[in-house]
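# Overview (structure and organization)
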Amino acid sequence: MNAQLIDGKKLATETRAEIARGVAALKAEKGVTPGLAVILVGDNPASVSYVTAKEKACREAGMLSREIRMPATVAEDELIAAIAKLNADPAIHGILVQLPLPKGFSEKRVIDAIAPEKDVDGFTPVNVGRMLIGDDCFLPCTPHGIIKLIEVTGMDLAGKHAVVIGRSNIVGKPVAALLSRKSVNATVTLCHTGTKDLAAFTRTADVVVVAAGRPNTLTGDMLKPGAVVIDVGVNRVPDATKEKGYRLCGDADFASCAEVASAITPVPGGVGPMTITMLLWNTLESARRVEG
Ligand code: NAP
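Each residue is numbered by its place in its chain's sequence as written, counting from 1. The model is predicted, so local features are restricted to residues of pLDDT at least 70 and side-chain atom pairs to those at 80 or more, both for listing and for counting; the totals for chains, interfaces and linings are taken over all residues. Remark: hydrogens and water are excluded; side-chain values derive from all non-hydrogen atoms of the structure.

So, on to the overall build of the protein chain. Secondary structure elements follow DSSP: runs of H or I of four or more residues count as helices, runs of E of two or more count as strands, with numbering from the N terminus. Looking only at helices and strands, the protein chain features ten helices and eleven strands. Radius of gyration: over C-alpha atoms. The globule rule applied is 2.2 Å multiplied by the number of residues raised to the 0.38 power. Taken over the C-alpha trace, the protein chain has a radius of gyration of 19 Å; the compact-globule value for 292 residues is 19 Å, and the two agree within 12%. Taken along the three principal axes of its C-alpha coordinates, the protein chain extends 50 × 40 × 35 Å. Across the 292 residues of the protein chain, 50% fall into the buried class. At a minimum sequence separation of 6, the contacts of the protein chain that also span at least 24 residues come to 69%. Under the convention used here, a 1.4 Å probe and the Shrake-Rupley method define accessible areas, while residue burial counts only the protein chains that appear. As displayed, the protein chain offers around 13,600 Å² of accessible surface, 55% of which is attributable to carbon and sulfur atoms. Only four residue types enter the charge count: Lys and Arg as positive, Asp and Glu as negative, with His and the chain ends excluded. A charge is said to be at NZ when it belongs to Lys, at CZ for Arg, at CG for Asp and at CD for Glu. Side-chain charges of the protein chain comprise 33 positive and 32 negative groups, with the mean position of each set lying 1 Å from the other. Exposure classes here rest on a 1.4 Å probe applied to the protein chains alone. A residue is buried below 20% of its type maximum, exposed above 50%, and partly exposed in between. We call two residues in contact whenever any of their non-hydrogen atoms come within 4.5 Å of each other.

This is the structure:
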């Protein structure tokens, strides 16, 4: 392996320590404890584990964590009413609805119900619009974490070619938008399943962010030597040697990409820890704004 490992866990630990200091200072100076409410509808195992990890991180940072669990059979209006109550609750500075919601719910209507000033996931149309026009807003957590991970490699992105694979609203599109901001100044190509000859684009990229949700979307032969690879994918691959019967892998073929890249994120331990960290970051920021 030639590539440097971009250690998301280490960066997350350092950033969370900084957040915890910020929380302690806010408590001491203004008597305010940042509060995050996490709403989980149904019992999807992956969602349960994400929510558990978010709550643990929240408590470890000294924040208030409020968990609201609802059965998958809950009426959408009841869910919206719970969000409205949290919007008006002064102890809560951030509201997160764990996605995906069970079948039958309108995610758009539910997300729209979150007050933009408490939308610490950065998913409401108001925050997405503010991000696009460069206004002050909560940046979406995974894309914001990805920018931080590229920064630790020391690469100056100005004038570089960044290829983003995937155009979802929660990862691909916002990553492309953040990379093309004037303050970052990368030249961005956004690829998707309609892209003809994906490798022709990735081979000219200084940075590749792959968020396709499919193992081996990116392989070493598709990279320019020295490129930085950010692997967002989290895929469960059957593995009889593991207690759970599966192992996690990203969207990049780690072994072949690590031979050609100058730096690469591992899965797990890359993008994931930074996503939760940026959620805490936004929650602290929200608490500072409300009381400031
Ligand atoms: P998504 O909504 O399924 O979007 C996948 C995107 O990838 C789509 O735009 C799709 O193109 C594109 N795509 C799929 N296969 C492709 C291929 N062979 N070539 C080019 N483009 C391709 O997924 P997502 O929500 O963005 O998530 C992507 C991955 O990141 C998933 O594995 C997810 O679990 C993971 N994730 C991780 C974190 C974290 O914190 N670690 C957070 C969010 C997501 P079309 O639009 O043409 O269909």
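Moving on, we get to the packing of aromatic side chains. Centre distance within 6.5 Å is the pairing criterion for rings of Phe, Tyr and Trp, where only the six-membered ring of Trp is used; planes under 30 degrees apart are then read as stacked, over 60 as edge-to-face, and the remainder as tilted. Using the criterion set out here, one finds zero aromatic pairs in the structure. When the ring centre of Phe138 is taken as origin, the NZ or CZ atom of Arg289, which lies over that ring, is 4.6 Å away. Criterion for a charge above a ring: Arg CZ or Lys NZ at most 6 Å from the ring centre, at most 35 degrees from the ring normal.

Another aspect to go through is the sheet that holds strand β11 (residues 263–264). Hydrogen bonding along the main chain pairs the strands of a sheet, whether they run parallel or antiparallel. Taken together, six strands build an open sheet; the order of strands is β1-β11-β8-β7-β5-β6 and the sheet is parallel. Of all the strands in the sheet, just β1 (4–5) and β6 (187–191) have a single pairing partner and so form its edges. DSSP-based pairing: two strands are paired if at least 2 bridges between them are found. Across four bridges, the pairing between strand β5 (residues 161–165) and strand β7 (residues 207–210) is parallel. In the strand pairing of β7, Val163 is matched with Val208.

By the secondary structure assignment, Ile95 is in strand β4 (residues 94–97). A residue is classified by how much of its surface remains accessible, and Ile95, at 0% relative accessible area, is buried. Discounting residues that sit within four places of it in the chain, Ile95 has contacts with Leu36, Ala37, Ile83, Leu86, Asn87, Ile114, Lys118 and Val120.

We define proximity as follows: a residue is near a molecule or strand when any one of its heavy atoms falls within 4 Å of that partner. As a structural note, the neighbourhood of the ligand is formed by 20 residues, with Arg167, Ser168, Thr193, Val234 and Thr275 the closest of them. Here a polar contact is taken to be a pair of N or O atoms separated by no more than 3.5 Å, where protein atoms must pair a possible hydrogen donor with a possible acceptor and residues adjacent in sequence count only if both atoms sit in side chains. A distance of 3.4 Å separates an oxygen atom of the ligand from a polar backbone atom of Ala211. One of the side-chain N or O atoms of Thr275 is found 2.7 Å from an oxygen atom in the ligand. Alone, the ligand offers 930 Å² of accessible surface; in the complex the protein occludes 70% of this. Ranked by the residues each element gives to the shell around the ligand, the list is headed by helix α10 (residues 271–291), at three residues. Note on residue categories: nonpolar means Ala, Val, Leu, Ile, Met, Phe, Trp, Tyr, Cys or Pro, charged means Asp, Glu, Lys or Arg, and polar means any other residue, Gly included. Per-class residue counts for the shell around the ligand are eight nonpolar, ten polar and two charged.

Every angle, taken between N-to-C directions, lies between 0 and 180 degrees, and every axis is a line fitted to C-alpha atoms, over only the stretch in contact when it is a helix. The contact between helix α6 (residues 141–152) and helix α7 (residues 172–179) brings their axes to 9 Å, and the two run at 50°. Comparing the axis directions of α6 and α7 gives the class oblique. The two elements α6 and α7 cross, and the hand of that crossing is right-handed. Taken together, the residues of α7 that come into contact with α6 (itself represented by Pro143, His144, Ile146, Ile147 and Ile150) are Pro174, Val175, Leu178 and Leu179. Residues belonging to the contact of α6 with α7 are distributed by class as follows: eight nonpolar, one polar and no charged. Comment on the angle field: the value is read as roughly parallel under 35 degrees, roughly antiparallel over 145, roughly perpendicular from 65 to 115, and oblique elsewhere. Each crossing gets its hand from how the near helix is turned against the far one by less than a right angle, where anticlockwise is left-handed and clockwise is right-handed.

If you look at the biggest cluster of nonpolar residues, it comprises 51 residues, and the most contacted ones within it are Met63, Ile146, Ile150, Leu179, Val209, Ile230 and Val232. With eight residues, the top contributor of residues to this core is α10. No fewer than three residues from each of domain 1 (31–116) and domain 2 (141–272) sit in this core. Each residue touching Leu179, except ones within four places of it in the same chain, is listed here: Ile147, Ile150, Leu157, Ala162, Val164, Val184, Asn185, Ala186 and Val188. We define a nonpolar core as any set of buried Ala, Val, Leu, Ile, Met, Phe, Trp, Tyr and Cys residues linked to one another through side-chain atoms lying within 4.5 Å. Domain boundaries shown here were taken from an automatic or database domain assignment.

A few words now on α7. Counting buried positions over the eight residues of α7 gives seven, a clear majority of the element. For α7, the complete set of buried residues consists of Gly172, Pro174, Val175, Ala176, Ala177, Leu178 and Leu179. Buried residues along α7 sit in contact with α5 (125–133), α6, β5, β6 and β7.

Moving on: the sheet that holds β4. Read from one edge of the open sheet, three strands run β3-β2-β4, paired in parallel fashion. Of all the strands in the sheet, the pair left with one neighbour each is β3 (64–70) and β4. Strand-to-strand twist across the sheet, computed as the mean angle between neighbouring axes with direction ignored, equals 15°. Inspection of the sheet shows strand β2 (residues 35–41) paired to β3 by seven bridges, in the parallel sense.

Before going further, it helps to spend a moment on the pairing of β2. Of all seven residues making up β2, seven are buried, and the element is well covered by its neighbours. Neither face of β2 is left uncovered, since the one carrying Gly35, Ala37, Ile39 and Val41 and the one carrying Leu36, Val38 and Leu40 both have all their residues buried. The handedness of the β2 to β3 crossover, carried by helix α2 (residues 45–60), is right-handed. Pairing of β2 with β4, which is carried by four bridges, proceeds in the parallel orientation. Here, the term right-handed applies to a crossover whose path from the first strand over the helix to the second runs clockwise when the strands point away from the viewer.

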